[in-house]
Amino acid sequence: MKTILVVDDEPKIVQLARDYLEASGFTVLSAGDGQSAVQAARTRQPDLVVLDLGLPGMDGLDVARTLRRDSGLPIIMLTARGDESDKLVGLELGADDYVTKPFSPKELVARVRAVLRRTDEAAAATGADHVRVGDLELDVPRLAVAAGGRRVLLTATEFQLLLALARQPGRVFTRSQLLDAVHGVAFESYERAIDAHVKNIRRKLELDPRSPRYVQTVYGVGYRLAEPDLAEPDLAEPEAR
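Residues numbered from 1 in each chain as written. Predicted model: local features only at pLDDT ≥ 70, side-chain atom pairs only at ≥ 80, totals over all residues. Heavy atoms only, no water.

(A) Seen up close, the overall build of the protein chain. When its secondary structure is counted, the protein chain shows 8 helices and 12 strands. Out of the 241 residues belonging to the protein chain, those deemed buried represent 52%. Partitioning the contacts of the protein chain with sequence separation of at least 6, the portion at a separation of at least 24 is 60%. With the model as given, the accessible surface of the protein chain reaches about 11,000 Å², and the carbon-plus-sulfur share is 49%. (Helix = DSSP H or I, 4+ residues; strand = E, 2+ residues; numbered from the N terminus. Buried < 20%, exposed > 50% of the residue type's maximum accessible area, 1.4 Å probe, protein only. Contact = heavy atoms within 4.5 Å. Areas by Shrake-Rupley, 256 points an atom, 1.4 Å probe, with all protein chains shown as cover.)

(B) Quick look at the sheet that holds strand E12 (residues 222-225). Overall, antiparallel pairing links the 3 strands, which are arranged E10-E12-E11 in an open sheet. One side of each edge strand has no neighbouring strand; the edge strands of this open sheet are strand E10 (173-174) and strand E11 (215-218). With 4 bridges connecting them, E11 and E12 associate as antiparallel partners. Bridge pairing in E12 links glutamine 216 to arginine 224. Sheet contacts for helix H8 (residues 192-205): E11 and E12; angle to E11, the most-contacted strand, approximately 140°. (Pairing = 2+ DSSP bridges. Axes fitted to C-alpha atoms, helices over the stretch in contact; angles between N-to-C directions.)

(C) How the structure looks around the environment of glycine 134. Note on placement: glycine 134 falls in the loop between strand E6 (130-133) and strand E7 (136-139). Of the residues examined, glycine 134 reaches a relative accessible area of 36% and is grouped as partly exposed. Put simply, glycine 134 and glutamate 227 are 93 residues apart on the chain and 7.6 Å apart in space, counted from C-alpha to C-alpha.

(D) Layout of the layout of surface pockets. Here the largest pocket defines a volume of roughly 360 Å³. What lines the largest pocket is a set of 21 residues, among which Pro46, Ser71, Gly72, Leu73 and Pro74 lie closest to the centre. Within the residue set of the lining of the largest pocket, elements represented by two or more residues are helix H2 (34-44) and helix H5 (105-123). When residues in the lining of the largest pocket are grouped by element, the largest group, 3 residues, is from H5. Of the residues assigned to the lining of the largest pocket, the class counts are 10 nonpolar, 5 polar and 6 charged. (1 Å grid on protein atoms, 1.4 Å probe; cavity = no way out; pocket = protein on both sides within 12 Å on 5 of 7 lines; lining within 4 Å. Points joined across faces, edges and corners; volume = space filled by probe spheres on them. Nonpolar A, V, L, I, M, F, W, Y, C, P; charged D, E, K, R; others polar.)

The structure is reproduced here in C-alpha cells:
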C-alpha cells in the first residue's frame, strides 16, 4: 500500500483528498505548513507528496527546493495559480505533475496513480540494466546516474526522460515523443513542460548548463543526447536554455 503525504493549509481540501485517496487504497498523511511537510517527508518517507504552493510561512516552492536537495520523492503540485510561469517554476524545481484548483478529486487520484506508475516503471524498466554513453552511466534498477564519475540525483520522471535519450544517442526526439516516454497525464497537452524537465536535468547533470555536453537542443525539433565521439555545439532555442 502506497503512502501519500497531502500538504495544504485548508482542512477541507486535505479531508477531500484524504477521502478519495483512502477510498482508492492509499494510506494518507497530512501537513498544514511547509516545515511540518519537510519533517513528515523525511521521517515518514511517503511514496509521493501532493504539495500546495500557497502555504503560509515556508511556501510550497521552498518545500520542493528543500526536498529536492537530497531526495527524488515524487511531487504533485496543488495550486490555485493558473499562470504558466508558476507551473514551470515548480516543474523546474523537480515536481512531476501539477493539479490546478479547483480540481476534481478523481483527477487528483488519477494523477497520483500516473506518477506512481511512472516511478514504478522507471524502477522496472525493460532493456539493459546499465546504459553507458561516453562518461554518462545510468543504472536502471537503482535509478542511479553518474556523469564523469559524479553522482547525479534525478527524479523518476527526469530519469525516464534521460533514459529514453540515452538508449538512442544521437537520435533527435520531439517534445511529443518525450512526453510519451514519461507517460505524463497533465503533460499530454503541455509540451513546454518537457523544456522545464530538460532544464532541470541540465542543472544537475552538466558542469555548465549553458553549454551542455549531454542533453542538446535541436532548434525547431526537440532534444537529443550527444554521441560521445560526435560532440557538436548545442543548437538551443533561447527559451529552452
